[in-house]
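Topology and contacts: notes
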Amino acid sequence: MNARDTAAAAPEYDSAAEGYNFAYLDEQTKRMIRRALLKAVAVPGYQVPFAAREMPLPFGWGTGGIQVTASIIGRDDTLKVIDQGSDETTNAVNIRRFFARTAGVKTTRRTVEASIVQTRHRIPETPLTDKQILVYQVPNPEPLFRLEPRVAESRKLHALADYGLISVKLYEDIVHHGSIATTYDYPVIVNNRYLASPSPIPKYDNPKMHMNAALQLFGAGRERRIHAIPPYTPVRSLDFDDHPFEVQSWDHACALCGSTNSFLDEMIVDDSGKRMFVCSDSDYCHERRTEQAGANEAGEQA
Amino acid sequence: MTAPTPLLSARALTKQFGGRNGCRNVSFDLYPGEVLCIVGESGSGKTTLLNTLALRTEADSGTLHYTSANRDHLDLRALSEPRRRLLMRTEWGFVQQNPREGLRTGVSAGANIGEPLMAVGARHYGQIRATATQWMERVELDATRIDELPAAFSGGMQQRLQIARNLVTGPRLVFMDEPTAGLDVSVQARLLDLLRSLTATLHLSVLIVTHDIGVARLLAHRLMVMQGGEVVEAGLTDQVLDDPQHPYTQTLVSSVLPV
């Protein structure tokens, strides 16, 4: 398999990245990004511009997240990368291998072991701790983009906290679908001040951002913006009084681990349209199955 | 009885573009409930004046004062951007000549009327929708078409939609830039009728820019005639139109085609 977890810093990977600085980016670039990160943490939800570099992967594949990770990662860190909740998808595998090679850090698939989790589309089901940092890959950090095409004007709206416009989007949702049909990238107000786009995570994960113990960093490479949610910051999802914010729910339990309180993916498993619901968070599902197997074995022995 | 305080008062207001055009040295008072018409030929600085008054362009010199709903006497030119925007959201309206500029074309008619409400903090979908329906009816639009895009409405309907959107927050002062231009004559007449009844019932102060003497005659209490960026004549509508003093006003009045 091409992206084995490296329990210890692997020397053979180091040699593969010879000639590169630690974690690929040069130190000046990292300093620049760290300055932007400090500003972003100081003003929660505010989009800080930064000079995104060309990265060895296309825009939209996580250039923002990868630059943020590269500038905060240290030799003692353990990295976990998830894409759509899974550790096994192309994007996750490649970014994990990228950092294993260029930084020689330990990588893992277990949420509890990781000190940095780079993510696309999900927040892990396992609650994060204050020792962990969650890095999001953000395609478009501007929640007003579809509503106000002028960049200067939307920055002014942010500056004046003039957010009537975003309610128009929710209003239109109810008009067309009878309920707020936005299911991912659901707009939030961070720290009761800035309107932010939480990257395309399902709205199921929005409540997890509220008062989260972990530091949450958002990097948008193509749009050249960084924003952040510091630990224990209030994050409110927008709604109407008579159409309150609700997360998705399923009539099914996970077909593999039986979990009824995780985000489920619907998979079509054969040509006749047979479907199956499984946890989108592969690590969570795996942990639960291991636990269940252990309990069963203990039960048989008794 | 004390004299009423003017709602908007301008003194020696000047806005020019590189020392030319624009408007020069305009002074007037607008009282609550009054409809003031600015007429003049194209290029006479009417729209520049309106934009300057509505704080859409920055004046070069002069003073501009406004008495807000809670009796504050505001120096508009010194007002901070957040206060200006709050004023525009809550106490003012601006009706554009072209309804497509004043409307949000990508969202439904209901959302267009509801947007100013949401901008001032309305967060109850049912109430926003009820208010939008009410206003559709008030401006004589079919309320069942509330979910259609502005593009689905005719030009005259779009203009009425824009008026509804501007009046929904209950403004005290509305600026209108040639609201009836580009509409056919019968639609113009209905729109003018609507505007006249709305301004009367809502006790609105209105500043209308137009080049159409008929609009002025029908709507305005007072008139300002502009030529080459300056006000050449001002006074009560009937007085100015029936007994024009300035040569330009005389030409303007006599150039209206008799029907």
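The following refers to the structure shown. (Residues numbered from 1 in each chain as written. Chains lettered and ligands numbered in written order. Predicted model: local features only at pLDDT ≥ 70, side-chain atom pairs only at ≥ 80, totals over all residues.)

Moving on, we get to the overall build of chain A. If you tally the helices and strands in chain A, you get eight helices and twelve strands. Taken over the C-alpha trace, chain A has a radius of gyration of 20 Å; the compact-globule value for 302 residues is 19 Å, and the two agree within 12%. Along the first, second and third principal axes, the C-alpha atoms of chain A reach 60 × 50 × 40 Å. Counting over 302 residues, chain A shows a buried share of 45%. Look at the contacts in chain A between residues 6 or more apart in sequence, and 64% of them connect residues 24 or more apart. (Helix = DSSP H or I, 4+ residues; strand = E, 2+ residues; numbered from the N terminus. Rg over C-alpha atoms; globule rule 2.2 N^0.38 Å. Buried ≥ 20, exposed ≤ 12 C-beta atoms within 10 Å, placed from the backbone. Contact = placed C-beta atoms within 7 Å.)

The subject of this paragraph is the sheet that holds strand 5 (residues 73-75) of chain B. Within a sheet, neighbouring strands are paired by backbone hydrogen bonds and run either parallel or antiparallel to one another. Residue and element names in this part refer to chain B. Ordered by their spatial adjacency, four strands build an open sheet running 2-1-4-5, and the pairing between neighbours is antiparallel. Here the strands that pair on one side only, and so sit at the sheet edges, are strand 2 (20-30) and strand 5. Adjacent strand axes in the sheet meet at a mean angle of 20°, parallel and antiparallel pairs treated alike. Two strands pair when backbone bridges link them, and strand 4 (residues 61-67) and strand 5 are joined in this way by three bridges, in the antiparallel orientation. (Pairing = 2+ DSSP bridges. Axes fitted to C-alpha atoms, helices over the stretch in contact; angles between N-to-C directions.)

The next thing to look at is the sheet that holds strand 7 (residues 173-177) of chain B. All names here are of chain B. With mixed pairing, six strands are arranged side by side in an open sheet as 6-7-8-3-9-10. Where the open sheet ends on each side, the last strands, each with one partner, are strand 6 (92-95) and strand 10 (230-236). Between one strand axis and the next, the sheet turns by 15° as a mean value, whatever way the strands run. Pairing analysis gives five bridges linking strand 7 to strand 8 (residues 205-210), with the strands arranged parallel. Its bridge partner lying in strand 8, F175 is registered against L207. Across the face of the sheet, helix 6 (residues 155-167) comes into contact with strand 6 and strand 7 while running at roughly 165° to strand 6.

Residue and element names in this part refer to chain B. Direction vectors running N to C along helix 6 and helix 7 (residues 185-202) enclose 10°, while the axes themselves pass 10 Å from each other. By the angle between their directions, the pair helix 6 and helix 7 is classed as roughly parallel. The chirality of how helix 6 crosses helix 7 is right-handed. Of the residues in helix 7, those in contact with G156, Q159, R160 and L167 of helix 6 are V187, L191, L194, L198 and L202. Class assignment of the residues belonging to the contact of helix 6 with helix 7 gives a composition of six nonpolar, two polar and one charged. (Parallel < 35°, antiparallel > 145°, perpendicular 65-115°, else oblique. Left-handed = near helix turned anticlockwise from the far one by under 90°. Nonpolar A, V, L, I, M, F, W, Y, C, P; charged D, E, K, R; others polar.)

A few words on the interface of chain A and chain B. Taken together, the contact pairs 13 residues of chain A with 17 residues of chain B. For the side of chain A that touches chain B, the class distribution of residues is six nonpolar, three polar and four charged.

So, on to the nonpolar core. Core analysis: the largest hydrophobic core is formed by 134 residues, its most contacted members being C37(B), I38(B) and I208(B). Per-element tally for this core: the top contributor is helix 4 (residues 109-119) of chain B, with six residues. Among all residues touching I208(B), those that are not within four sequence positions of it are V35(B), C37(B), I38(B), M176(B), P179(B), V215(B), L219(B) and A220(B). Counting residues in each nonpolar core, the second largest holds eight residues, with Y204(A), C254(A), F263(A) and C279(A) among its members. (Core = buried A, V, L, I, M, F, W, Y, C linked by C-beta atoms within 7 Å.)

For the rest of this paragraph, the subject is the pairing of strand 1 (residues 8-17) of chain B. Residue and element names in this part refer to chain B. Inspection of the sheet shows strand 1 paired to strand 2 by six bridges, in the antiparallel sense. Paired with F17 across the two strands is R20, which belongs to strand 2. Hairpin connection from strand 1 to strand 2: two residues lie between these consecutive antiparallel strands, with G18 at a positive phi of about 60°. Bridge analysis of strand 1 against strand 4 gives five bridges, and the strand direction is antiparallel. Looking across to strand 4, one finds that L8 is bridged to Y66.

With glycine set apart, most residues show a phi of negative sign, and most peptide bonds adopt trans. Even without being a glycine, H121(A) presents a positive backbone phi close to 80°. Mapped onto the elements, H121(A) comes out in the loop between strand 4 (116-120) and strand 5 (133-137). Positive phi, normally seen in glycine, also occurs at E140(B), with a value near 60°. Among the structural elements, E140(B) can be located in the loop between helix 5 (125-138) and helix 6.

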